[in-house]
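Examination of the molecular architecture
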Amino acid sequence: MDKELPADQLAYQPSKAFIRVTPSNLPGVQTCTGGVIRRRTLDIDGLAERIVGLRTEFRQQTLVTVFRLMLDEIYNATAEGFNVDFGLARTEIAVSGCFESEMSPFDKKRHTLVPRLYPSPRLKQCVRQLPAENVYREVPGPRPYRVSLAGGPSLRGSDEALNRIPAGTHPFVSVYGTSLKIAGDLPEVGLTVRCVETDESYFFPAAGLAVNTGPHLCFVPHFAFTPGEWEVTVATQLSPSRCLYKTLRVSSLSFLVEEVHAT
């Protein structure tokens, strides 16, 4: 299996994983358990498209065809009695079900052979270095989950990576989520965009937004985005009942601005 990479070879920027923590449902258990909020899934075609766009002269269909041939051979080898180490993970077969004694025969009505996948050290390393944030909030408030240049909340059919935009100037930038609508009379009410590295920030009041709705905020940046980590903060007093809270409800979302390389 693929081994861990040296620290100086981890060139990619890890994207933050968002988790939600909930109380355990087991009787007598006082602890909480955490779960990762759903992440976008890439299929084989999407992976091939990314490779073609970044670093290869092979056609997308060639990469997809070769990948599917390898997958078919993994299935064939498994059926022929092999465990398969394909770099990312290793396949094995386990037995599910209870046996009455050591001499009990295998019964397909009560026993099942099930596949097991054991991740490689490199895959474990890749996941282990991901930053994570608990998105739990004690009070209702805005919940941004995506910063985008696209005109809709879904990534379907788009080659845009989640919460990653290119550096430079853009005619507009959108923030998608829930309970985002900005309203209130406190001076802090608005949308703030901040460069984490330089701490330089830009404030947009409700009147300065091109779109100001519950699921969608849109602003026209009068500045250029520089490469690195950025943060968008939504501050509002609007409640789910459309009344105004006396205090602010604030939530932030980090996103990555990537340097554009000439091709």
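One can find the structure itself at the top, above this paragraph.
Summarised in this report is the structure supplied together with it. (Residues numbered from 1 in each chain as written. Predicted model: local features only at pLDDT ≥ 70, side-chain atom pairs only at ≥ 80, totals over all residues. Heavy atoms only, no water.)

1. Here's the deal with the nonpolar core
Counting 25 residues, the largest nonpolar core has Leu191, Val193, Phe219, Phe225, Trp230 and Phe255 as the members making the most contacts within it. Listing elements by their share of this core, those giving two or more residues are β8 (173-178), β9 (190-195), β10 (201-204), β12 (216-219), β13 (228-238) and β14 (244-258). (Core = buried A, V, L, I, M, F, W, Y, C linked by side-chain atoms within 4.5 Å. Buried < 20%, exposed > 50% of the residue type's maximum accessible area, 1.4 Å probe, protein only. Helix = DSSP H or I, 4+ residues; strand = E, 2+ residues; numbered from the N terminus.)

2. A look at the packing of helix α1 (residues 44-55) against helix α2 (residues 60-79)
The packing of two helices is summarised by the inter-axis angle and the distance between the axes. Close contact between α1 and α2 brings their axes to 9 Å; oriented N to C, the two are set at 135°. It follows from the interaxial angle that α1 and α2 lie oblique. Between α1 and α2 lies a crossing whose hand is right-handed. Between α1 and α2, the residues in contact are Ile44, Asp45, Ala48, Glu49, Ile51 and Val52 and Gln60, Leu63, Val64, Phe67, Arg68 and Leu71, respectively. For the contact of α1 with α2, the residue count by class is 8 nonpolar, 1 polar and 3 charged. (Axes fitted to C-alpha atoms, helices over the stretch in contact; angles between N-to-C directions. Parallel < 35°, antiparallel > 145°, perpendicular 65-115°, else oblique. Left-handed = near helix turned anticlockwise from the far one by under 90°. Contact = heavy atoms within 4.5 Å. Nonpolar A, V, L, I, M, F, W, Y, C, P; charged D, E, K, R; others polar.)

3. Details of the sheet that holds strand β2 (residues 32-36)
Strand order in the open sheet formed by 3 strands is β2-β1-β5, and the pairing between neighbours is mixed. The sheet terminates laterally at β2 and β5 (132-134), the two strands that pair on one side only. Across this sheet, the average inter-strand angle for adjacent strands is 35°, counted without regard to direction. As judged from the 3 bridges shared by strand β1 (residues 17-23) and β5, these two strands associate in the parallel manner. Paired with Phe18 across the two strands is Glu133, which belongs to β5. (Pairing = 2+ DSSP bridges.)

4. Some details on the sheet that holds β13
An order of β7-β14-β13-β9-β10 is seen for the 5 strands of this open sheet, with the pairing classed as mixed. The open sheet has two edge strands, β7 (164-166) and β10, and neither has a second partner. Along the sheet, successive strands turn relative to each other by an average axial angle of 25°, direction set aside. For β9 and β10, the ladder comprises 4 bridges, and the chain directions are antiparallel. When the bridges of β10 are listed, Arg194 appears paired with Ser201.

5. Points about a nonpolar patch on the surface
A cluster of nonpolar side chains, Ile93, Val95, Phe99, Phe106 and Leu113, forms an exposed patch at the surface whose accessible area comes to about 470 Å². When you line up the elements, Ile93 lands in strand β3 (residues 89-96). The exposure class of Ile93 is partly exposed, given its relative accessible area of 47%. (Patch = residues over 30% accessible without salt bridge, like charges linked within 9 Å, V, L, I, M, F, W, Y side chains within 5 Å. Areas by Shrake-Rupley, 256 points an atom, 1.4 Å probe, with all protein chains shown as cover. Salt bridge = Lys/Arg side-chain N within 4 Å of Asp/Glu carboxyl O.)

6. Some details on the pattern of salt bridges
Under the criterion given, the structure shown has 7 salt bridges. The residue Arg110 makes a salt bridge to Asp107 at a minimum N-O spacing of 3.9 Å. Its relative accessible area of 44% is what places Arg110 among the partly exposed residues. A salt bridge links Arg194 to Asp199; the shortest N-O distance between them is 2.9 Å. Residue Arg194 is classed as partly exposed on the basis of its relative accessible area, which comes to 22%. Through salt bridges with shared partners, one network takes in Glu100, Asp107 and Arg110.

7. As for the packing of aromatic side chains
Tallied over the full model, the rule gives 6 aromatic pairs. Ring centres 3.7 Å apart and planes at 5° place the aromatic pair Tyr202 and Phe223 in the stacked group. Remark: Phe223 occurs in the loop between β12 and β13 and Tyr202 occurs in strand β10; sequence separation between them is 21 residues. You can call Phe223 buried: its relative accessible area is 7%. Ring pairing ties together the aromatic residues Tyr202, Phe223, Phe225, Trp230 and Phe255, which thus form one cluster. (Phe/Tyr/Trp six-rings, centres within 6.5 Å; stacked < 30°, edge-to-face > 60°.)

8. Concerning unusual backbone geometry
With a phi close to 55°, Ser179 is a non-glycine residue in the positive phi region. Within the secondary structure, Ser179 is located in the loop between β8 and β9. By relative accessible area, which is 43% here, Ser179 ends up partly exposed. The backbone of Asp199 sits at a positive phi, close to 65°, despite the residue not being glycine. Counting through the fold element by element, Asp199 comes out in the loop between β9 and β10.

9. Some thoughts on α2
With 20 residues, α2 ought to run about 28 Å at 1.5 Å a step, and its terminal C-alpha atoms sit 29 Å apart, in line with that. Looking at α2, one finds that the buried residues are Val64, Ile74 and Ala77. Buried positions in α2, seen along its axis, are confined to an arc of 150° and lie on one side of it. Exposed and facing more than 90 degrees away from the buried side of α2 are Leu69, Tyr75 and Ala79. As for α2, its buried residues are in contact with α1. (Expected span 1.5 Å × (residues − 1). Arc of directions from axis to C-beta.)

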